[in-house]
Structure formats: C-alpha cells, structure tokens
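Observations on the model geometry
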Amino acid sequence: MIIDAHSHWLPQDIINNAHFFHQGWGDIEAHLKMMDETGIDMAVLSYPTSDAHLKLGSISKVARIYNDNVGKIIKRYPSRFIGASILPIDNGQDILDEIKRATEKLGFKAISLASSYNGKYLDDVLFLPVYNEAAQKNIPVFVHSQIINPIGFERVKDPLLTPVIEYVFDTTICIGKLLMADILREFAGVKFIFAYFGGVITHLAGRFEATYGMLRGINFVKDLKGNPGEYLKNIYVDTSGDTKDTNFQAALELLGPGHILWGSDWPAKKDIAGSINAVRNLKISQEDKQNILGKNLEGMLS
C-alpha cells in the first residue's frame, strides 16, 4: 500500500483569495487521476499555508472554509483521502472545539499546522492544549513550512531564495524551538510529521550534539536532561516529492526508516513516479521501503 503523507487540495474560496495558488490546486479529479496512474492508494490532504486570511479577514474563517470543504472530499472519497484539519489559531478558545468538530463530525484524522505564524513558532504556549489533545487522542500533527513571511523574509525577499532556503529554515527553526522548549521530550508521544525532511534538521544533528556538549560544559545553555539527538529522533518527516538520495540518507541515519513517510507534495511537485522510485532505489530492506511508502503512516492512523 502507498499512502501519500503530503498532498494538497484547496477550496475555491481560498484559491480566489490567495496570491499564489491556481485552479489546479482545487482539482480533486486530477488528483485522483494522478493517484490511480502512480499506484497511490490514499493521500493526506494538508494545508500548504497561504495568505488567504488577509483578504478573508481571519485565520478562523479560513479554517472553517477549509475544514468544511475538505470534510466533503473525505466524505465523498473515504477510501482515498485522509483529512488534516487546520485550526483557528487566532482564537485560542476555539482551537479545541475545532479539533473536536473536525475529528468527530467531519471525519478528519490529523491536524495540519504551519511551522510558524507571524513569527510565533510551535513552542508557544498557545499550542500546548493542541499537543495534549493530540497525545490523548493519538492524532498525528502534520507541520508544513510557513510560506508567508518565513524566517529571513524581512531581509531577503526573492522568488527563488525564499522557497528554496527560507521555507526549509522556518521548519528547521520550528523543530529547534520545540527541542529547546522541552516539547519533544514532554510530548514524546505526539507524532509530529515535518514536511521536506524537517528542513535541514537531520543534517544538523551532529552539530547539535557537539555544540550542546560544549556549551553545557560552561553552563551556557539550559539542561535538556538528555542529548539533543535523542529528542530529535522523536520526530517524523515526510519526503515532499524529493527524488535525490542526500536527504534520505541523512534522515535514515538520524531517524531510521520507521520515522520517514513518503509524500508527493502534489500539486506543487509533478514527478510523482520519480519520488516513489527514490524510495524503491534506497539500499534498505523491502520491508523498510514498504514502511516508508505507506505502512508507517497506516500504523499511525489505525
């Protein structure tokens, strides 16, 4: 079984009010056609983040529009799509109510968060009730890079550098802040799934270990009550349509095959077969390949 851990579909109201997304992001029939052609059994629909809330008036309104419409998709195609609900993070009192509505009434099985919101990262106390709920109900949390004002955007605004560098470093900083806030330790049971291999976090694990050891030796950083690398091993990452070997190897070294999920990043990425073959060409066991391609995620959602 192949389950896509990273794909997108957007309602027309969001496409119309966002500056980047075209009609292809709302074509569920094209999505299904791609899945059938490439042998994908099921796909998670998560939010790619957008600026639609600026025109629509609030993130709460975007959450209602998105969740209601994706709810119709997963009701129409229950054997093909898995919903990851977005939350009204601009109204903390409504967050848990929306998780309950999405999971109990609309059929969602996961939560979709951005790596940051206007510079507020996921270590903020606002999100602690979300993690408690996710832990109690065993709900995976998919984290997509923030594409609106990601880290570095205030200094460099470039149509290529922003998505290539700033998106992935916003995710990387997000994971680092979860580490330093003890969330990866205190909420070790929460299944955080970070897009695009968690930014570059898997490439930095050794540097985390060495630098933390040096700075703890002079009492310059807080005591994490363990090695950073051990907490980083708690996260999951998706492959986001990558077809190269480099990120796979770094992720395998730090996380192992049990914490890697194949994802297409459709419709942003188009070489779906190539990204599946990237997993099949890895020098790991057939069982591990099958786990990455779908079994890992299937186990999370069961």
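Whatever comes next refers back to the structure up there.
These remarks concern the structure in this document. (Residues numbered from 1 in each chain as written. Predicted model: local features only at pLDDT ≥ 70, side-chain atom pairs only at ≥ 80, totals over all residues. Heavy atoms only, no water.)

At the junction of Trp266 and Pro267, the peptide bond is cis and its omega measures out at 0° in the coordinates. For Asp182, which is not a glycine, the phi torsion comes out positive at approximately 70°. Mapped onto the elements of the fold, Asp182 is located in the loop between helix H7 (161-180) and helix H8 (183-186). (Helix = DSSP H or I, 4+ residues; strand = E, 2+ residues; numbered from the N terminus.)

On to the nonpolar core. Nonpolar side chains in soluble globular proteins generally cluster together in the buried interior. Phe81, Leu113, Leu122, Tyr131, Leu184 and Trp262 are the most contacted members of the largest nonpolar core, which has 84 residues in total. By residue number, the principal contributor to this core is helix H4 (residues 59-76), which donates eight residues. The contact partners of Leu184, leaving out residues within four places of it in the chain, are Ile175, Leu178, Leu179, Phe192, Tyr231, Leu232, Asn234 and Ile235. One finds Ile82, Tyr236, Leu261 and Met300 within the second-largest nonpolar core, a separate group that totals 14 residues. (Core = buried A, V, L, I, M, F, W, Y, C linked by side-chain atoms within 4.5 Å. Buried < 20%, exposed > 50% of the residue type's maximum accessible area, 1.4 Å probe, protein only. Contact = heavy atoms within 4.5 Å.)

This next bit is on helix H13 (residues 286-301). Here H13 is 16 residues long and its end C-alpha atoms lie 22 Å apart, about the 22 Å a rise of 1.5 Å per residue gives. The largest bend in H13 is about 65°, located at Ile292. Three or more residues of H13 are buried, namely Lys289, Asn291, Ile292, Leu293, Gly294, Asn296, Leu297, Met300 and Leu301. (Expected span 1.5 Å × (residues − 1). Bend = angle between axes of the 7 residues up to and from the residue.)

The subject of this paragraph is the pairing of strand S1 (residues 3-7). With five of five residues buried, S1 lies mostly within the body of the structure. Judged from the three bridges that link them, S1 and strand S2 (residues 42-45) form a sheet pairing that is parallel. Residue pairing across strands places Asp4 opposite Ala43, the latter belonging to S2. (Pairing = 2+ DSSP bridges.)

This part takes up empty space enclosed by the protein. Following the criterion strictly, the structure yields two cavities of 30 Å³ or more and no others. What lines the largest cavity is a set of 16 residues, and nearest its centre among them are Tyr47, His53, Ile59, Tyr117 and Gln146. For the lining of the largest cavity, the elements supplying multiple residues, two or more each, are H4 and strand S4 (110-114). Among the elements that line the lining of the largest cavity, the one with the most residues is S4, at three residues. Here the residues of the lining of the largest cavity are counted per class, giving ten nonpolar, six polar and no charged. Looking at the second largest cavity, its volume works out to about 50 Å³. Looking at the second largest cavity, the residues that line it are Ala5, His6, Ser46, Ser112, Phe142, Val143, His144, Ala195 and Asp238. Contributions of two or more residues to the lining of the second largest cavity are made by S1 and strand S7 (141-144). (1 Å grid on protein atoms, 1.4 Å probe; cavity = no way out; pocket = protein on both sides within 12 Å on 5 of 7 lines; lining within 4 Å. Points joined across faces, edges and corners; volume = space filled by probe spheres on them. Nonpolar A, V, L, I, M, F, W, Y, C, P; charged D, E, K, R; others polar.)

So, on to the layout of surface pockets. Remark: the empty space left among the atoms is shown by a probe the size of a water molecule rolled over them. One number sums up the size of the largest pocket: a volume of about 720 Å³. As for the largest pocket, its lining consists of 30 residues, of which Ser145, Ile147, Pro163, Val164 and Tyr167 are closest to the centre. Per-element tally for the lining of the largest pocket: the top contributor is H7, with six residues. A breakdown of the residues in the lining of the largest pocket according to their chemical character gives 16 nonpolar, ten polar and four charged. Taken as a whole, the second largest pocket spans an internal volume of roughly 190 Å³. Broken down by secondary-structure element, the contributors of at least two residues to the lining of the second largest pocket are H7 and helix H9 (205-217). Considering every element that reaches the lining of the second largest pocket, the biggest residue donor is H9, with five residues.

Here we take up the pairing of S2. What you see with S2 is no split at all: Met42 and Val44 on one side and Ala43 and Leu45 on the other are buried throughout. Where S2 meets strand S3 (residues 81-85), three bridges bridge the pair, whose relative direction is parallel. Its bridge partner lying in S3, Ala43 is registered against Phe81.

In this structure the tally under the stated criterion is eleven aromatic pairs. On the numbers, 6.0 Å between centres and 75° between planes, the contact of Tyr77 with Phe81 is edge-to-face. The pair Tyr77 / Phe81 is uniform in exposure class, with both members buried. When the ring of Tyr117 is compared with that of Phe127, the centres are 5.9 Å apart and the planes differ by 25°; the resulting orientation is stacked. With a gap of ten residues between them, Tyr117 in strand S5 (residues 116-117) and Phe127 in the loop between strand S6 (120-121) and helix H6 (128-137) connect regions that are remote in the sequence. Each member of the aromatic cluster is reached from another via a ring pair, and the members are Tyr131, Phe187, Phe192 and Phe194. The side chain of Lys157 reaches across the aromatic face of Phe153, ending 5.1 Å from its centre. (Phe/Tyr/Trp six-rings, centres within 6.5 Å; stacked < 30°, edge-to-face > 60°. Lys NZ or Arg CZ within 6 Å of the ring centre and 35° of its normal.)

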